[in-house]
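The chain contents come next:
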Amino acid sequence: PRDVGILALEVYFPAQYVEQSELERFDGVEAGKYTRGLGQQQMGFCAAHEDINSLCLTVVQRLVERGKLSWDSIGRLEVGTETVIDKSKAVKTVLMELFRESGNTDVEGIDTTNACYGGTASLFNAASWVESSAWDGRYAVVVCGDIAVYATGNARPTGGAGAIAMLVGPNAPLVLERGLRGTHMEHAYDFYKPDLSSEYPVVDGPLSIQCYLRALDRCYAVYRRKAESQWHQAGMKRPFTLDDFKFIIFHTPFCKLVQKSVGRLLLNDFLAAPNPDTTAGLYKGLQPFRDLKLEDTYTSKEVEKAFQTASQEIFNQKTKPSLLLSSRNGNMYTPSMYGCLASLLAQCSARDLAGSRIGAFSYGSGLAASMFSLRVSQDSSPGSPLDKLLSSLADLPARLDARKRVAPQDFADIMKQREETHHLANHTPHGSQEDLFPGTWYLERVDDKYRRQYARK
Ligand code: ACO
């Protein structure tokens, strides 16, 4: 099969949110800390009767219904998530309920977990399946979903929630570029969830940011080397730079970190360039940083500021349009980067996107990270696969506007309620139909054997 990649993409986010400026006042921090300091505008959060299964049920059903697909046409379905409600039973098995009437049980794939990286691992698996001898000609579906919640304190405003489903197959309008992947994995305790009775992670914020930036450096170095070696084999010798990505999307814990990451990539280009001109153009005035070593700069505010300033225009053009969902719904964990992809597709014109290369950096604490790229098809004519994909996402801003704003105190109450009830058996969650968009699955009841029963609004 040729041009294996993403054919369709469906987004689910909760129907309610808090305003970050109101949260600043409520938390008693300085005005501007969450909005300007972290770059976050609003934060979506789940109703008390939503869980990871209901999120994923909703997004998969939406993908199949809106795409007018048959349940028989799916031969693989896998889920990337770090939201655990059962130590053994995969979310994927619950999603098989959607296939019941069709009789299709021949569906490979299962859940994959490592912090925010599971969706990317699932996407790589799905694409490998389509390219392999095991492929039976049907579609693969990749689902990523999470409920990202933190204990009260400085990490709480970096939460979010949502799910994304992607249809994967050949002749895709977004093709995974072959051979162009840079991965970095290592053992770190930057963010982890050792307390199985809590929805909250243990997090070392500053360490997690350093780990993220180090993984970015390493992944970019490997990605670049592989791109340059492909070019070399084709008889072309030149360095790969940020210019070779028309757009770049990132896993987005908070938007400010992504803006810093673009600066970080420029620093990588600058240090790798054999003879950069520091008297004019992009690198003007950066001569004092010429002899730096990447590994010595993770905590340097001076380096961060210089390269953030130098890369401002690159950020505006290549990355800013991708931050719509991240700034208004927050960090969804596994779907975060795919939400950036959806935002980019919703915010840019078909003409801008056609034929472009989108660089993608996926990070999951602990840690696992990859940089890869998607090539957008040239054909954006009406009715083309790219045109259909873009039209399906065009209403994203309007859907965000349609959410309900909730006061920080009510948000805090719902969080407290989740803490007390999310692990209970023999429990009927308190949640109102008004807190859900039409077509949303929700948790109706947990029986005395912890079996969960769902219904659809
Ligand atoms: N106006 C404008 N900016 C302000 C203001 C203000 N009044 N007050 C503070 N700021 C700025 C700070 O200067 C800082 O910006 P800078 O780093 O560019 O200088 C920013 O706001 C944040 O302030 P800090 O004091 O650094 O924030 P704090 O340490 O309280 O928390 C953190 C931030 C660490 C990100 C925390 O929210 C957290 O732990 N989040 C979860 C972990 C995380 O997201 N890690 C990222 C990768 S791993 C993952 O995806 C989970």
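Structure shown above.
Everything quoted here is computed from the prediction, not taken from an experiment.

Looking at the overall build of the protein chain
Thought 1: Along the protein chain, the regular secondary structure elements total 15 helices and 16 strands.
Thought 2: Against the 2.2 N^0.38 benchmark of 23 Å for 457 residues, the protein chain shows a C-alpha radius of gyration of 22 Å, consistent with a compact globule.
Thought 3: When its C-alpha atoms are laid out on the principal axes, the protein chain stretches across 70 × 55 × 40 Å.
Thought 4: Buried positions account for 57% of the 457 residues belonging to the protein chain.
Thought 5: Counted over contacts in the protein chain with a minimum sequence separation of 6, partners at least 24 positions apart contribute 74%.
Thought 6: Per element, the accessible surface of the protein chain, about 19,200 Å² overall, is 49% carbon and sulfur.

Section: helix α5 (residues 118-130)
Thought 1: Taking 1.5 Å per residue as the helical rise, α5 with its 13 residues ought to reach 18 Å, and the 18 Å between its terminal C-alpha atoms agrees with that figure.
Thought 2: Regarding α5, the residues found buried are Gly118, Gly119, Thr120, Ala121, Ser122, Leu123, Phe124, Ala126, Ala127, Trp129 and Val130.

Concerning the packing of aromatic side chains
Thought 1: Counted by the stated rule, this structure contains 18 aromatic pairs.
Thought 2: Ring geometry for Tyr150 against Tyr333: centres 6.2 Å apart, planes inclined by 85°, an arrangement best described as edge-to-face. Of this pair, Tyr150 sits in the loop between β6 (139-148) and β7 (160-169) while Tyr333 sits in the loop between α10 (324-329) and α11 (336-347), placing them 183 residues apart in sequence.
Thought 3: A relative accessible area of 8% places Tyr150 in the buried class.
Thought 4: Take Tyr333: its relative accessible area is 1%, and that puts it in the buried class.
Thought 5: Arranged with centres 5.7 Å apart and planes meeting at 50°, the rings of Phe270 and Phe307 form a pair that is tilted. On the criterion of sequence distance, the pair formed by Phe270 in helix α7 (residues 255-272) and Phe307 in helix α8 (residues 301-310) is long-range, its members being 37 residues apart. Each member of the pair, Phe270 together with Phe307, is buried.
Thought 6: Connected via pairs of aromatic rings, a cluster forms that spans Tyr220, Tyr223, Trp231, Phe240 and Phe245.
Thought 7: Its guanidinium or amino end placed over the ring of Phe124, Arg181 lies 3.6 Å from that ring's centre, counting from NZ or CZ.
Thought 8: When the ring centre of Tyr220 is taken as origin, the NZ or CZ atom of Arg224, which lies over that ring, is 4.7 Å away.

Comments concerning the environment of Tyr189
Thought 1: Looking at the secondary structure, you find Tyr189 in the loop between β8 (174-185) and β9 (191-192).
Thought 2: Taking the C-alpha atoms as reference, Tyr189 lies 36 Å from Asp435; in sequence the two are 246 residues apart.
Thought 3: What Tyr189 contacts, discounting residues up to four positions off in sequence, is Asp204 and Leu207.

So, the packing of helix α1 (residues 20-27) against helix α15 (residues 408-421)
Thought 1: For the pair α1 and α15, interaxial distance at closest approach is 9 Å and the crossing angle is 80°. For the element pair α1 / α15, the angle class is roughly perpendicular. Packed against α1, whose contacting residues are Glu22, Leu23 and Phe26, the element α15 presents Pro408, Gln409, Phe411 and Ala412 at the interface.

Observations concerning the layout of surface pockets
Thought 1: In this structure, the largest pocket spans a volume of roughly 1,200 Å³.
Thought 2: As for the largest pocket, its lining consists of 41 residues, of which Thr83, Val84, Ile85, Asp86 and Lys87 are closest to the centre.
Thought 3: Broken down by secondary-structure element, the contributors of at least two residues to the lining of the largest pocket are α3 (52-66), α4 (91-95), β9 and β16 (452-456).
Thought 4: Computed from the structure, the second largest pocket encloses a volume of approximately 540 Å³.

Quick notes on the site of the ligand
Thought 1: Around the ligand there are 24 residues in total, and Ala31, Lys33, Asn154, Ser208 and Lys260 lie nearest to it.
Thought 2: The backbone of Ala31 places a nitrogen or oxygen atom 2.8 Å from a nitrogen atom of the ligand.
Thought 3: At 2.7 Å from an oxygen atom of the ligand is found a side-chain nitrogen or oxygen belonging to Lys260.
Thought 4: Surface burial for the ligand is 76%, taken as the share of its 1,000 Å² of free accessible area covered by protein chains.
Thought 5: For the ligand, the cavity whose grid points lie within 2 Å of the majority of its atoms is the second largest pocket.
Thought 6: Contributions of two or more residues to the shell around the ligand are made by α2 (33-37) and α6 (205-233).
Thought 7: When the residues that make up the shell around the ligand are grouped by side-chain class, the tally is 10 nonpolar, nine polar and five charged.

Section: the sheet that holds β6
Thought 1: An order of β5-β4-β6-β7-β1-β8-β13-β12-β11 is seen for the nine strands of this open sheet, with the pairing classed as mixed. Strand pairing shows two members of the sheet lacking a second neighbour, β5 (111-112) and β11 (247-250), which therefore form its edges.
Thought 2: Bridge count between β6 and β7: nine bridges; the pairing is antiparallel. Looking at the pairing, Val143 lines up with Ala165 of β7.
Thought 3: Its contacts with the sheet place α5 against β1 (5-12), β4 (74-80), β5, β6, β7, β8, β12 (357-364) and β13 (368-376), and it is angled at close to 160° to β4.
Thought 4: Packing of helix α13 (residues 385-393) onto the sheet brings it into contact with β1, β8 and β13, and relative to β1 it is tilted by some 10°.

Rules behind the numbers
Residues numbered from 1 in each chain as written. Predicted model: local features only at pLDDT ≥ 70, side-chain atom pairs only at ≥ 80, totals over all residues. Heavy atoms only, no water. Helix = DSSP H or I, 4+ residues; strand = E, 2+ residues; numbered from the N terminus. Rg over C-alpha atoms; globule rule 2.2 N^0.38 Å. Buried < 20%, exposed > 50% of the residue type's maximum accessible area, 1.4 Å probe, protein only. Contact = heavy atoms within 4.5 Å. Areas by Shrake-Rupley, 256 points an atom, 1.4 Å probe, with all protein chains shown as cover. Expected span 1.5 Å × (residues − 1). Phe/Tyr/Trp six-rings, centres within 6.5 Å; stacked < 30°, edge-to-face > 60°. Lys NZ or Arg CZ within 6 Å of the ring centre and 35° of its normal. Axes fitted to C-alpha atoms, helices over the stretch in contact; angles between N-to-C directions. Parallel < 35°, antiparallel > 145°, perpendicular 65-115°, else oblique. 1 Å grid on protein atoms, 1.4 Å probe; cavity = no way out; pocket = protein on both sides within 12 Å on 5 of 7 lines; lining within 4 Å. Points joined across faces, edges and corners; volume = space filled by probe spheres on them. Near = heavy atom within 4 Å. Polar contact = N/O pair within 3.5 Å; in protein donor to acceptor, adjacent residues only side chain to side chain. Sits in = over half its atoms within 2 Å of the grid points. Nonpolar A, V, L, I, M, F, W, Y, C, P; charged D, E, K, R; others polar. Pairing = 2+ DSSP bridges.

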